[in-house]
Amino acid sequence: MATVTFDHLIKRYGEFTAVNDLNLEVADGEFLVLVGPSGCGKTTALRCVAGLEDITEGRLLIGDRVVNNVAPKDRDIAMVFQSYALYPHMSVYDNLAFGLKLRKTPKADIERRVKEAAGILGLERFLDRKPKALSGGQRQRVALGRAIVREPSVFLMDEPLSNLDAKLRVQTRAEIARLHQRLGTTTIYVTHDQVEAMTMGDRIAVMKDGLLMQVGSPQELYDHPTNVFVAGFIGSPAMNFATVKATEGEDLMLGSAKLNLSGAAARAAADRPKGADLLIGFRPEHLDITEGRADTIAIPALVDVVEYLGNEELIHARAEGTEIVALVPSDRQVKPGDQVNLGVPLEKLHMFDPESEKSLVA
């Protein structure tokens, strides 16, 4: 196993900068997820680690070795692609063994590694089958097995679940997590799905437009996003945002509705000049129907749509022209057209500078 270090790494395609000054260290044995929207640079960063893209500036280290000019086959990495990339004319056994045969690994060692990988992934019964006789989930396990038999220092995974249906994604997500716990191999996993990122990663690195926005544990990113982008990207359903104005005291105005504050939120509001704009954020799951409590702010809202989800329901409402989504228990008996007060616990309220989009509450 080994660490992976991005040392001021830059990747350009002509005038376009795909990865911009990426500084990040992946610890030995860590499962790090690179997440962000399409085009944010996460796959390009992964391909730089694999040696499939040349690095424009900066350094990439695997362990203590700078590998900028090291061939992919000599980097001691194994990559799992989005499209499985299996050989259709070969059996599962031969797909698993192919890379080892190319490296002229002894036959007995190949046999041992293939059987171990097949045992870990539950593929023993399928070793004689061709890929066309397998389901999507089984093909993905073969792709994982081909990486496992290499016994590399680093696993690289590029959106490996994107071709699976919803149920298989959840199942395979758990299998990959269990696999990492068992093998302990340093893993860099790329996805655009923040649910995958939150459920799988020891740490998450959020990227946007080639820049690293924030890196931390799933809990850190959820509880303490450093900017509006991370706050809106992490969490499902997405965080609500509303533009408010500071008053002379420590409170805020959302249109004609006064929001009473206290604690850190009040101090942040008090630092703004009267009439200045602020951006507040609050997660749907932190909202509830309230009768007014000292530790919450109450937002008057008109209910538009209610989506029943079983034990919960999604309330779509409007507050002074701002759309708000609340995830509440289904026993609240709310219906379209109701006027409600949506309560946000003050400790769950996020505040951002509308210009820099940086968080104002630690």
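Check the entry above for the structure.
Residues numbered from 1 in each chain as written. Predicted model: local features only at pLDDT ≥ 70, side-chain atom pairs only at ≥ 80, totals over all residues. Heavy atoms only, no water.

Student: Even after reading the chapter, I still don't get the sheet that holds strand β14 (residues 277–282), so can you show me in this structure?
Tutor: One open sheet holds the five strands; their spatial order is β13-β12-β11-β14-β20, and the pairing between them is antiparallel. The open sheet is flanked by β13 (257–259) and β20 (350–352), the only strands paired with a single partner. Averaged over all pairs of adjacent strands, the angle between their axes in this sheet comes to 40 degrees, without regard to strand direction. Here β14 runs beside β20; their pairing, made up of three bridges, is antiparallel. Its bridge partner lying in β20, Leu279 is registered against Phe352. The sheet strands contacting helix α9 (residues 263–270) are β11 (240–246), β12 (252–254), β14 and β20, and the helix crosses β20 at an angle near 15 degrees. (Pairing = 2+ DSSP bridges. Helix = DSSP H or I, 4+ residues; strand = E, 2+ residues; numbered from the N terminus. Axes fitted to C-alpha atoms, helices over the stretch in contact; angles between N-to-C directions. Contact = heavy atoms within 4.5 Å.)

Student: Help me understand the packing of aromatic side chains in this model?
Tutor: When we look at a pair of aromatic rings, we describe it by the centre distance and by the angle of the planes. For the coordinates displayed, the defined rule picks out four aromatic pairs. For the ring pair Phe31 and Tyr189, a centre distance of 5.7 Å and an interplane angle of 35 degrees mean the geometry is tilted. With a gap of 158 residues between them, Phe31 in strand β3 (residues 31–35) and Tyr189 in strand β8 (residues 186–191) connect regions that are remote in the sequence. You'll find Phe31 and Tyr189 in the same group, each marked buried. (Phe/Tyr/Trp six-rings, centres within 6.5 Å; stacked < 30°, edge-to-face > 60°. Buried < 20%, exposed > 50% of the residue type's maximum accessible area, 1.4 Å probe, protein only.)

Student: Help me understand helix α4 (residues 136–148), please; the structure alone is not making it clear to me.
Tutor: Residues three or four positions apart in an α-helix share a direction because the helix packs 3.6 residues into each turn. The terminal C-alpha atoms of α4 lie 18 Å apart, and with 13 residues this matches the ideal 18 Å at 1.5 Å per residue to within 8%. Of all 13 residues in α4, 11 are buried; the element is thus mostly enclosed. All of the buried residues in α4 are Gly137, Gln138, Gln140, Arg141, Val142, Ala143, Leu144, Gly145, Arg146, Ala147 and Ile148. Against β6 (77–80), α2 (92–102), α3 (107–121), β7 (154–158) and α5 (166–183) lie the buried residues of α4. (Expected span 1.5 Å × (residues − 1).)

Student: Is there a simple way to explain the sheet that holds strand β15 (residues 288–289) in this structure?
Tutor: For sheets, the rule is that strands pair by backbone hydrogen bonds, running either parallel or antiparallel. Strands sit in the order β15-β19-β16-β17-β18 across an open sheet of five strands; the sheet is antiparallel. Of all strands in the sheet, those bounded by a partner on one side alone are β15 and β18 (322–329). Sheet topology places β15 next to strand β19 (residues 339–345); two bridges connect them, and they run antiparallel. Across the sheet, residue Asp288 finds its bridge partner in β19, namely Gly343.

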